[in-house]
Amino acid sequence: MTFDFAPYRIAAIIPCRNEAGAIGRTVADVRAALPSAAVFVFDNNSTDDSADEARAAGAETRFVRLAGKGNVVRRMFADVDADIYLMLDGDATYDAGAAPILIERLIRDRLDMVVGCRVSDDRAAYRLGHVAGNRLLTACVGLLFGRAFKDLLSGYRVFSRRYVKSFPVASRGFEIETELSVHALSLQMPIGEIETPYGARQEGSVSKLNTWRDGLRILRTVVRLVRHERPLMFFSVGMLVCLTLSLALAIPLFETYLQTGLVPRFPTAILCSALVLLGFLLLVCGLVLDTVTTGRLEAKRLAYLQVPTLNGS
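Residues numbered from 1 in each chain as written. Predicted model: local features only at pLDDT ≥ 70, side-chain atom pairs only at ≥ 80, totals over all residues. Heavy atoms only, no water.

Trainee: Explanation requested: the sheet that holds strand β2 (residues 38–43) in the structure shown.
Mentor: What holds strands together in a sheet is hydrogen bonding between their backbones, with the strands either parallel or antiparallel. Taken in spatial order, the seven strands make up an open sheet running β3-β2-β1-β4-β6-β5-β7, and their pairing is mixed. Bordering the open sheet on either side are β3 (60–63) and β7 (191–197), each of which pairs with just one other strand. On average, each strand axis in the sheet is tilted by 20° relative to the strand beside it, whichever way the strands run. Of the strand pairs in this sheet, strand β5 (residues 113–119) and strand β6 (residues 157–160) are connected by three bridges, and their pairing is antiparallel. The residue bridging M113 from the neighbouring strand is F159, located in β6. Packing against the sheet, helix α1 (residues 23–33) makes contact with β1 (10–16), β2 and β4 (84–87), and its axis sits at approximately 170° to β1. (Pairing = 2+ DSSP bridges. Helix = DSSP H or I, 4+ residues; strand = E, 2+ residues; numbered from the N terminus. Axes fitted to C-alpha atoms, helices over the stretch in contact; angles between N-to-C directions. Contact = heavy atoms within 4.5 Å.)

Trainee: What should I look at first to understand the pairing of β5 in this one?
Mentor: Side chains on a regular strand alternate between the two faces of the sheet. Of all seven residues that make up β5, six are buried, and the element is covered over most of its length. Two strands pair when backbone bridges link them, and β5 and β7 are joined in this way by seven bridges, in the parallel orientation. The residue bridging M113 from the neighbouring strand is I191, located in β7. (Buried < 20%, exposed > 50% of the residue type's maximum accessible area, 1.4 Å probe, protein only.)

Trainee: Could you clarify how one ought to interpret the environment of S46 in this entry?
Mentor: Relative to the assigned elements, S46 resides in the loop between β2 and α2 (50–56). Between the C-alpha atoms of S46 and I10, which are 36 residues apart in sequence, the distance is 26 Å. Once residues within four sequence positions are removed from consideration, S46 is found in contact with C16, R17 and N18.

Trainee: Help me out: how do you make sense of the packing of helix α9 (residues 231–260) against helix α10 (residues 266–305) in this one?
Mentor: Helix-helix packing is described using two parameters, namely the angle between the two axes and the distance between the axes. Running from N to C, α9 and α10 point in directions that differ by 170°, and their axes come no closer than 8 Å. Taken together, the axis directions place α9 and α10 in an arrangement best described as roughly antiparallel. The crossing of α9 and α10 is left-handed. Looking at side-chain class alone, the contact of α9 with α10 contains 22 nonpolar, seven polar and one charged residues. (Parallel < 35°, antiparallel > 145°, perpendicular 65-115°, else oblique. Left-handed = near helix turned anticlockwise from the far one by under 90°. Nonpolar A, V, L, I, M, F, W, Y, C, P; charged D, E, K, R; others polar.)

Trainee: Before we go on, may I ask you to explain the environment of F42 in this structure?
Mentor: Structurally, F42 can be placed in strand β2. Take F42: its relative accessible area is 1%, and that puts it in the buried class. Here the alpha-carbon distance between F42 and T61, two residues 19 residues apart in the chain, equals 5.9 Å. Look past the residues within four positions of F42 in its chain and what remains in contact with it is I14, P15, C16, R62, V64, V72, R75, M76, D79 and V80.

Trainee: Sorry if this is basic, but what is going on with the side chain of T93 here?
Mentor: Take T93: it is sitting in the loop between β4 and α4 (99–108). Assessed through its relative accessible area of 3%, T93 is described here as buried. Within polar-contact distance, the side chain of T93 engages the side chain of D91 at 2.7 Å. (Polar contact = N/O pair within 3.5 Å; in protein donor to acceptor, adjacent residues only side chain to side chain.)

Right under this line is the structure:
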């Protein structure tokens, strides 16, 4: 039985930078899988024929001058109006034929986001560093929110209008996938995952990811996630470090004082006191920011609830 998508406005939004040779195939595959969908390609300063190729394949091409995938997603979400959004990269590595399955799952289960989890037997499709980073981020998100996606960094996703129009994009680069996932998890949105085939890039196509540079970005993202989403936890760790250092330095001072009644290393005593004060200052920062985070989460929740669901309620 074929699911009827006619009542819904579906938009395929494809970020693209220097994907000549792949973007045309991606657009053609999306149009074949979803004939009723409007296809938009957002070109991010390509220096090849990506924009012309996308236009020739039948996509509406728009341009984003600010470099970075996060900046592209910000423009896509702001400029395109639809009921359902399909997002995938323009490198022809994702299986566009799975799009109807993802969208059907979104509609049938009344979800706000469905992630296409990448599955591939082709070793060339994955880099070891990216797999390790994905697992590290997934573990961190699972620790923070009690649940996580299997493929946190997948660029193949379907969104409801409610999700898109309530998402305050902050990332500028490839951290955007993490931000997309955290937004859904922090608001406890109904979400789902479906395994989808993932292939290697076409010959001559070059990934924009750099293992070391983006690995450092992932580590920074982990730290930023903890600081933004669980500030009390983040600053409490700092407090415990300060108190532990202070105690380690103070024990010899107490032993000397009990034996001689003197405190010969006065600068060390001052340092111990400063560490204790710094520790409690970090705790106060954590408590204040935890209150701010709660207020920010409530504001995001209200913005989310103001957008109607797919059935208009």
